[in-house]
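Results of the structural survey
For reference, the chains in residue letters:
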Amino acid sequence: MVKSYKKKKRYFIPLFLAAGIIIYTAFLVVPIFNSMILSFYSGSGMTPSEFTGFGNYIKLFTQFPFKERFFGAFGNTVKFFLMVTLIQNVLGFVIAIMVSRKFAGSKIFRRISFLPTTLSVLAVGFLFSLILNPIWGFFDKILEAMGLEFLIKPWLGIPLTALPILAIVVSWQFMGESVLFYTAGIDAIDSEVLEAAKIDGAGLLAEVRYIILPSIRPIIGIVTILIFVGDFTQFDIVYAMSTSMGNPSYSTDLFGSLFYRTAFSSLERGGWGMGMGAAVATIIFLIVSVGVLFWLYVFRMKGVSQSE
Amino acid sequence: MIKIKDGLLKSLLSIILIIYAVSIFFPILLMLLTSLKGNREIFTNPYGLPHIFNLDNYIKLIKISNYLVYFKNSIIVAVTSIFLILIISSLASFVIAKYRFMGDRFLYFYFIAGLIIPIKLGTIGILKTMITLHLFDNIASLVIVNVAMGIPFGVFVLTDFIRMIPEELSNSARIDGCSEPKIFYKIIVPLIRPALAAVAIINFIPIWNDFWFPLVLIRSDNMKTIPLATALLYGQYETNFGLIFAVLSMASLPVIIFYLILSRQFIKGLAAGALKG
């Protein structure tokens, strides 16, 4: 990669980079550090000015109701993430194996499976709220028609079932992403290897276990990290299906909704002021960062940071 | 033995596939079809096709709200953001891919890190900056945030693409007396058009659907984008089912149509990205 141009003509390099570095740094990198700094201050309004050291964090981890809300949202987020990862990875993988085989319509099926992913999470959340809505009762009517009346319940109104419903809706929407990524991984496997396995008499299960799974492990990693980062900052689905309060009784409150409420809502709607909001954002950021490193290690990925 | 087991497994898998296909279409069709029904028909005929296809709900939506303004705002935000993302990331990618300078590798990783940094968590800082810049409650703030979010993916895809262009092409242009910036727009840009298209298409969907930043950064009605309007209208007309389904269909139809037209490029672009990671 030795360049044969003259040194003095390099003036354009900083010029070409300037816009990218400035916008990316000022609006993506710096704001996160700003939140970290702000998390050490308390006070009302947009610019808390009273330095409190770790005061906000101590409040967050030890005092009512901050502690309850924070750990509640943490627990919900972990459960939500586990449910979505399980559904999306397992079902997505099974479907990918199906559509990576050539059959009439397999190409079209691949395209269709991604369709829900293109919709807005907000609209999808509202749509499923309406389907489950007891007044209109579409879901209830289907259950009735199938003779399953005992299953008619206000699913979104029961603390135990509301969160799994949200997880199912999000998995439904983003299943196509898993299918797309896994299909790409399976397509990239050398077809000679698969042929050789078939000649050796390997069944479908053996093929999956010894050839497909090992070769798409990095992709399982990518999918898991995407779900992880997405779910730990998920907000739209909570807003659409159970308001930013995480109804009923905070059972669907996730990190995303907790952050929104604490930082940007008025006091009577669950706001804690900018300083506390910044502390919440900082903790979420730390958890997400540690989590991503953990997943990179688990899947022993080269990682995007060394993708060359 | 193996064959029988495989056969059973395969029919089980086919059943899963069929159920999955139905589950994809059912909610989307339900939404679109219900939006064409009158309010009474929604209750008397919830499953069937509408008796008469009527657009009353859509006409009403445009009458009672500033829907055309929201639509215009969404288009302006999406088009401007994507245009800027393409220019800014291709310029940066060109330099990163083709020249060695101090910190070039670091710079690449610095940009790429943005692929997994959740920008939402910097929203407090962004809000304060926008207020300082007098861009709060202005769709320009949404454009800036979208550009910051779009740069990492743009650099990720374009840097690789530009690296694959043989250096001989640039060298022969240099011999002809081409300056480096001229090499960029005379030789590189025409060659990376497919990659530019992929970056544009893949960025369109999250930009169009973004709800979080408008919710925090926009207040005035004439600055609202479609997702924000969707939430507003849903809250206002929650019991008017026909109208609500029209609202949800209006929010979804642009992306559905966009995707159906460009799905081939879309899937190709994303799949290539997945394999590279």
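These figures come from a predicted structure and were not determined experimentally.

1. Some remarks on the interface of chain A and chain B
- Residue-level contacts link 73 residues of chain A with 77 residues of chain B.
- With 16 residues, the single largest contributor to the side of chain A that touches chain B is helix α1 (residues 12-38) of chain A.
- Grouping the amino acids of the side of chain A that touches chain B by side-chain chemistry returns 55 nonpolar, 12 polar and six charged.

2. Overview of the nonpolar core
- Ranked by internal contacts, the top residues of the largest apolar core, which has 168 residues, are L166, V280 and I284 of chain A together with A148, V199 and V247 of chain B.
- When residues of this core are assigned to their parent elements, the largest contribution, 16 residues, is made by helix α7 (residues 139-163) of chain B.
- Look past the residues within four positions of A148 of chain B in its chain and what remains in contact with it is I23, Y24, F27 and L28 of chain A together with I119 of chain B.

3. With respect to the domain arrangement of chain B
- According to the domain assignment, chain B contains domain 1 (2-44) and domain 2 (65-236).
- On a C-alpha basis, the centroid separation for the pair domain 1 of chain B and domain 2 of chain B is 36 Å.

4. A closer look at helix α11 (residues 217-232) of chain A
- Compared with the 22 Å implied by 1.5 Å per residue over 16 residues, the 22 Å span of α11 of chain A between its first and last C-alpha is a close match.
- Of all 16 residues making up α11 of chain A, 12 are buried, and the element is well covered by its neighbours.
- For α11 of chain A, the secondary structure elements touched by its buried residues are α3 (66-100), α8 (159-187), α13 (255-264) and α14 (274-298) of chain A together with α13 (241-276) of chain B.

5. Observations concerning the packing of helix α6 (residues 121-132) of chain A against helix α12 (residues 226-236) of chain B
- Between α6 of chain A and α12 of chain B, the least distance of the axes is 9 Å, while the angle of their chain directions is 25 degrees. Accordingly, the angle class assigned to the pair α6 of chain A and α12 of chain B is roughly parallel. Here α6 of chain A and α12 of chain B pass one another in a crossing that is left-handed. Here L122, A123 and F126 of chain A of α6 of chain A come into contact with α12 of chain B, specifically with P227, T230, A231 and Y234 of chain B.
- Counted by class, the contact of α6 of chain A with α12 of chain B contains six nonpolar, one polar and no charged residues.

6. Here's the deal with the packing of α1 of chain A against helix α6 (residues 123-132) of chain B
- The interhelical angle for the contact between α1 of chain A and α6 of chain B, taken along N-to-C directions, is 105 degrees, at an axis separation of 7 Å. Compared by their axis directions, α1 of chain A and α6 of chain B come out roughly perpendicular. Contact residues: F27, V30, P31, I32, N34, S35 and L38 of chain A in α1 of chain A; I124, G125 and I126 of chain B in α6 of chain B.
- A per-class count over the contact of α1 of chain A with α6 of chain B returns seven nonpolar, three polar and no charged.

7. A few points about the confidence of the model for chain A
Residue and element names in this part refer to chain A.
- In the predicted model, chain A carries a mean pLDDT of 88, and the fraction of residues at 70 or more is 94%.
- Long-range and interchain partners of residues 1-5, a stretch whose pLDDT sits below 50, account for seven contacts in this model, where long-range means more than four residues apart.
- In the model, residues 303-308 has pLDDT below 50 throughout and makes 11 contacts with residues more than four positions away in sequence or in other chains.

8. Topic: the environment of G55 of chain A
- In this fold, G55 of chain A is placed in helix α2 (residues 55-62).
- For G55 of chain A and A18 of chain A, which are 37 residues apart along the polypeptide, the C-alpha to C-alpha distance reads 38 Å.

Reading the values: rules and limits
Each chain has its residues counted from 1, running along the sequence as written. Chain A is the first chain written and ligand 1 is the first ligand written, with later ones labelled in order. Predicted model: local features are reported for residues with pLDDT of at least 70 only, side-chain atom pairs are reported and counted for 80 or more only, and whole-chain, interface and lining totals are derived from all residues. Any residue pair is listed as a contact if its two C-beta atoms, each placed from the backbone, are within 7 Å. A run of DSSP states H or I qualifies as a helix once it reaches four residues; a run of E qualifies as a strand once it reaches two. Both are numbered from the N-terminal end. Amino acid classes used here: Ala, Val, Leu, Ile, Met, Phe, Trp, Tyr, Cys and Pro are nonpolar; Asp, Glu, Lys and Arg are charged; the rest, including Gly, are polar. Each nonpolar core reported here comprises buried Ala, Val, Leu, Ile, Met, Phe, Trp, Tyr and Cys residues connected via C-beta atoms within 7 Å. Burial is judged by counting other C-beta atoms within 10 Å of a residue's own C-beta: 20 or more means buried, 12 or fewer means exposed, and anything between counts as partly exposed, with every C-beta placed from the backbone. For every domain, the bounds stem from an assignment made automatically or drawn from a database. Each helix should span, by expectation, one fewer than its residue count multiplied by 1.5 Å. Angles shown run from 0 to 180 degrees and are taken between the N-to-C directions of axes, each axis being a line fitted to C-alpha atoms and, for helices, limited to the stretch in contact. In these notes the angle categories are as follows: under 35 degrees is roughly parallel, over 145 is roughly antiparallel, 65 to 115 is roughly perpendicular, and the rest is oblique. Two helices crossing with the near one rotated counterclockwise from the far one by less than a right angle form a left-handed crossing, whereas a clockwise rotation gives a right-handed crossing. The quantity known as pLDDT measures the predictor's confidence residue by residue, on a range of 0 to 100.

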